[in-house]
Amino acid sequence: MKRCIPLFLIFICAFCHAQDATKQKQLAAKRTQQSPKIDGILDDECWNGVPIATDFYEIRPVPGRLERNDRRTEMKVLYDDVAIYVYARMYDSPDSVSHELVSRDNIGNADFISIIVDPFYDKMNGNGFFVTAAGVQFDAKYSQVGDEDPNWNAVWESAVKLDNKGWTCEMKIPYSALRFSGKDVQNWGLNFSRRIQRKNIQTFWNFVDPKVNGFINQEGLWMGIKDIKPPLRLSFSPYISAYVNHYPVNLPGVKNTTARFNGGMDVKYGINNSFTLDMTLVPDFGQVQSDNRILNLTPFEVKFNENRQFFTEGTELFNKGDLFYSKRIGSIPSYYNYSGVGSDKIVKDQTEAKVLNATKISGRTAKGLGIGIFNAITNSMQTEVEDAQGNLRQVETQPLTNYNILVFDQSLKNNSSATFINTNVLRQGSAYDANVSALLFNLNNKGNKYFVNGGAKMSYLRGEESSTGYSYTLRFGKQSGNFTWSYNQVYADDKFDPSDMGFFTNNNFLDQRIGIGYNIYKPSKWYNQFESWFNLNYSRRAKSAAYQKLGFNGGYWVQFKNQWSAEVDLSWDRKGNDFYEARNGQLYHTPENYGVSLYINPNRAKAYNFGGNIRFLEQQLFKGKMYNFYFFQNLRVNDKLAFGLDLNFNPNYNYVNWVTAQGGQAIFSKYDRRTVENSFDAKYTFSNLMGFTVVLRHYWSDRRNKEFYLLKPDGNLTDYTGTPLNGLDRNYNVFNIDLIYTWQFAPGSTLSVSYKDAAETYDTYYTQRYNKNLNGILNAPQNNSLSVKVLYYVDYLDLKKKRKKS
C-alpha cells in the first residue's frame, strides 16, 4: 500500500515546469563560535547577521513563479569545526500546516523542508537531509542524473516547532555524516527545497530547469567555507536479537517450537576523506518484510524487492550495469542442487543461506574516480531428508560461497562517466564459479541535451563445462526539452549468463527499441502537466537469427488542477516466436495480442483517498482474455493513525501456455485462472521516534485446465491425444502477517519487536470460491515467529569525548 509518492518521483514531477534558466544563486558561508541549541526555536544569538537564502522558485503547480510572500521561506546555514547548522523559517497559516506522523525515512502527508549539499561540488553527487513539519527525518544520497538512494542513513539532529507564523526547523549535520575534502577554502554545491502538501506546492531555492537533464548539476553555491577538517568517521552498531519460532512439523525428533539468540555488529569507518568502509558481522535480517510470493506460470524466475538495508544503502556504484541482484546473497541463491534421491522425503528444506559477513568499501576521489569493493560470504545450505527406513540425514544443497564486486567509475564532464565493473562468485568444492565483467560509458553534451551510453559485458562460468558469453548495449538520443527521443539496442549471445550474482531471464537475442516522448510543461486551464510517449520494439535471436517479437506501446498521462491524475496505456504485439515457453528450446508461435489500461490516482493530500486501474489484454489464440481490476483506498484518521486497503482481482479466460512435459515433448493447455490479492495495512505512530505498522496479505491464484495440446515441431499446437493428464490444476494460497514495532531510543539506536505469521499451500485441487480458499489457508499450518532486536549506535568521537570528561 502506498500512501505517499516516493520522494524521487516528487523531484521528477517537480522539475516538469519552469521559467528560463536563471543565474546560479550563491550564499556566503559564515563560521560560528557558539553552536545553536537544536530545539526548533530560532532565538539563538548566533543566527543574527547570517545571510538569508530566500525567494524560492515554485516548481509546481505553476513552475517558475516566485513563492508568495505570505508563504515565503527563509534559510540560514552556519558551520563550525564539527558540523553545519541549518535555520529554517516557513511562513504559513499555522492551522494549515500538514504534519502526519510516520516512521523515519518516510514523508507521509506532511510539509517538509530540506537541504541538499554537494561537498565536492562535482555536480554529480550529493546528500539530502529532510525534516517534515511533524519532525520526521528523511535522508538520501544522490548520484548522477538525479538518482536517489533513500536507503542511505546518517545520524544527525533536528527539531521543529509550529507557531503563529507557520513552522520552524533547526538541524545539526555533523561532518561525520558527510564526505568532503581537506582544502583550506571550499565551495559546496547547495540547494534547499520545501513542500506545502495541501497545495501540492514544491519550491527550490536555486532554479531547477525541467528542460535540462539532471538535478544535482543545477544547484546553488555555498561560498568560502574555511578551515574545516574531515573528522575520524568511525562508528559501531552492535546488536542482540532473540527469536521464538513455532511451526507444526509434528515429526519425531523434530521440534515444533525453537528458539535462538543472535548477536553481531555493523561497523562504519572512514578510511580517508573520500572512502568509507561498511561491514556487517553475523547480520540478522529476520525482521525485514516478507516477500510477496506469487504463483509463477512463466519460464522465468520472479524478481523480488530487496528489503535488507545493508544491501540497499550506498549501493549506487555496485548497481552499475545491472549485474548485481542482491537477493542472490542469502535470500535467493542461484545454485541449488537437490531434488531428492529415490524415496528420500524432504523433512526440512533450507532455502536461504545464512550471511556470515558482508563488507563494502566505496567512495570517490577529488578527481572524480569512484571506487567500490564489495564482499560477502554465505554459509552452506543443508536440507534434512528422510530415507525409506526413517533415517534422517543432512544433504548440502549450497556450498560455502563468496561474492565479490569491484567497480571503478570515472566521472567526466557534463554528468558523463566511464565505468568498469566485475562480479565474481566462488564456491567451495567442486561447484562451478562465475565471473562477469563490463565496460560502460555514459556521455552527455554540454547542455545535457543529447546523450549516448552503453557498454560491453562478458560472462565466464568455470566448472565441469566452462563457457564464455558476451553482451553489449548501445543507446543514444535526446533527453532534454519538450520533445525527447531515443534508440536502444541490446545484444546477448547464447552463452552470456550473469545470473550467479545478477537477475537474469534469457540470452541469445538482439533487441531494438525506438522511443519518443512529448511533454507539455506549461499548465493550462484544466491541467498542470501532460505527458505522452510511444515505443516500438523489435527482437530477433542472436544465434540462428530468427524473428522473435514486434510490437508497440504508448500512452498519455495528465495531472488535473485538483491534483488527480489519469493515465491511458495502449499496447499491441504481432504474432511472434517464443523459444522459452516450451522449457526445452522448442519454438512456440505466440499469438497476436493487444491491450488497454486505465489508471486513476487521487489527490493523496486528502484524509480519505482512493484510486485504482482497469486493464484488459486479449490473446488472439482461442480468444484468450485477461482482465485486471485494482482498487485501493487510504484513510488517515488523524496524524497518528492511518489505514490502507488494496484489492486486486485478475481473472484470465481461455489463456494458453506450457503446463508440463511428457516423453521430452512440451504439453500446453487452455485454462482459466483467477488471481485475488488483498492486503490491509495500518500504522500508529506515537511520536517521530516510535510507532508500529502491520501488514496483512492474502494471495490466491489457481489454474483450471480445460483442454490440452501438443506442441508440434513447427511451433503450432495440435490436440493432445495421449494418456490422460491428471493433477495439473493448481491452487496456490499465501497468507502473511508482518507486525513491527520500532523505537529509536537514542540517535541511530533502535529497539524493534517483530511478529510474523506465514502460511503457504500449493495443492492440485481447486475451488473457485474465495472464502473457501481464505478459510483453507487460515486453517493450514502456520509458521509463527516473534523476535526482539536491540541495536545501539556508538560514535567513536562521542565515546572519546566522554572518556576525556571522566
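How each quantity is defined
- Residues numbered from 1 in each chain as written.
- Predicted model: local features only at pLDDT ≥ 70, side-chain atom pairs only at ≥ 80, totals over all residues.
- Heavy atoms only, no water.
- Helix = DSSP H or I, 4+ residues; strand = E, 2+ residues; numbered from the N terminus.
- Rg over C-alpha atoms; globule rule 2.2 N^0.38 Å.
- Buried < 20%, exposed > 50% of the residue type's maximum accessible area, 1.4 Å probe, protein only.
- Contact = heavy atoms within 4.5 Å.
- Areas by Shrake-Rupley, 256 points an atom, 1.4 Å probe, with all protein chains shown as cover.
- Lys, Arg positive; Asp, Glu negative; His and termini not counted.
- Charge placed at Lys NZ, Arg CZ, Asp CG, Glu CD.
- Pairing = 2+ DSSP bridges.
- Axes fitted to C-alpha atoms, helices over the stretch in contact; angles between N-to-C directions.
- Salt bridge = Lys/Arg side-chain N within 4 Å of Asp/Glu carboxyl O.
- Phe/Tyr/Trp six-rings, centres within 6.5 Å; stacked < 30°, edge-to-face > 60°.
- Lys NZ or Arg CZ within 6 Å of the ring centre and 35° of its normal.
- Polar contact = N/O pair within 3.5 Å; in protein donor to acceptor, adjacent residues only side chain to side chain.

Tallying secondary structure elements over the protein chain gives 3 helices and 45 strands in all. Taking 28 Å as the expected radius of gyration for a compact globule of 806 residues, we find that the protein chain reaches 28 Å, a close match to that expectation. Counting only C-alpha atoms, the protein chain reaches 90 × 65 × 50 Å along its principal axes. Burial status across the protein chain gives 51% buried among its 806 residues. Excluding contacts between residues fewer than 6 apart, the proportion of contacts in the protein chain whose partners are at least 24 apart in sequence is 64%. Summed over all atoms, the accessible surface of the protein chain reaches about 36,700 Å², with 55% contributed by carbon and sulfur. Distance between charge centroids for the protein chain: 4 Å, based on 93 positive and 79 negative side chains.

Right, let's talk about the sheet that holds strand 4 (residues 73-79) for a bit. Pairing in this open sheet of 4 strands is antiparallel, and the strands run 4-5-11-10 from one edge to the other. Looking at the sheet topology across the chains shown, the edges are occupied by strand 4 and strand 10 (157-163). Ignoring which end each strand starts from, the neighbouring axes of this sheet average 10° apart.

Moving on, we come to the pattern of salt bridges. Inspection of the entire model under this criterion finds 29 salt bridges. Salt-bridge contacts for Asp163 lead to Arg89; the nearest nitrogen and oxygen are separated by 2.7 Å. With Asp163 in strand 10 and Arg89 in strand 5 (residues 83-91), this residue pair connects regions lying 74 residues apart in the sequence. Under the relative-accessibility criterion, Asp163 is labelled partly exposed at 25%. By relative accessible area, which is 10% here, Arg89 ends up buried. The closest approach of N and O atoms between Arg104 and Asp139, which form a salt bridge, is 2.8 Å.

What follows concerns unusual backbone geometry. Omega for the bond connecting Arg60 with Pro61 falls within 30 degrees of zero, at 5°, which places this linkage in the cis form. For Pro61, the location among the structural elements is in the loop between strand 2 (57-60) and strand 3 (65-66). One non-glycine residue with positive phi stands out, namely Lys623, at about 55°. For Lys623, a relative accessible area of 46% puts it in the partly exposed group.

Attention shifts here to the packing of aromatic side chains. In this structure the tally under the stated criterion is 49 aromatic pairs. Here Phe476 and Trp485 contribute two aromatic rings whose centre-to-centre distance is 6.2 Å and whose plane-to-plane angle is 85°, an arrangement assigned as edge-to-face. Given the relative accessible area of 31%, Phe476 is considered partly exposed. One aromatic cluster in this structure is built from Phe285, Phe310, Phe311, Phe318, Phe324 and Phe374. Seen from the ring of Tyr432, Arg427 lies directly overhead, with NZ or CZ sitting 4.6 Å from the centre. A cation over a ring is seen here: Lys789 above Tyr239, with NZ or CZ 4.9 Å from the ring centre.

On to the sheet that holds strand 18 (residues 345-349). Spatial strand order, 18-21-22: 3 strands in an open sheet with antiparallel pairing. Strands at the two margins of the open sheet, each flanked by one partner only, are strand 18 and strand 22 (392-398). With direction set aside, neighbouring strand axes in the sheet form an average angle of 35°. Note that strand 18 and strand 21 (residues 381-386) share 4 bridges and pair antiparallel.

Attention now moves to the pairing of strand 30 (residues 527-540). The pairing of strand 29 (residues 509-520) with strand 30 spans 11 bridges and is classified as antiparallel. Directly across from Gly515, in strand 30, lies its bridge partner Asn535. In this antiparallel pair of consecutive strands, strand 29 and strand 30, the connection spans 6 residues. The sheet contact formed by strand 30 and strand 31 (residues 547-560) spans 13 bridges and is antiparallel. Each residue of the ladder has a partner; that of Tyr527, found in strand 31, is Phe560.

Our focus in this paragraph is the side chain of Thr685. Take Thr685: it is sitting in strand 39 (residues 665-687). Reaching out from Thr685, the side chain makes a polar contact with the backbone oxygen of Leu101 at a distance of 3.3 Å. Excluding anything up to four places from it in sequence, Thr685 contacts Leu101, Val102, Lys640, Met690 and Gly691.

Limitation: the analysis is restricted to geometry and does not speak to function.
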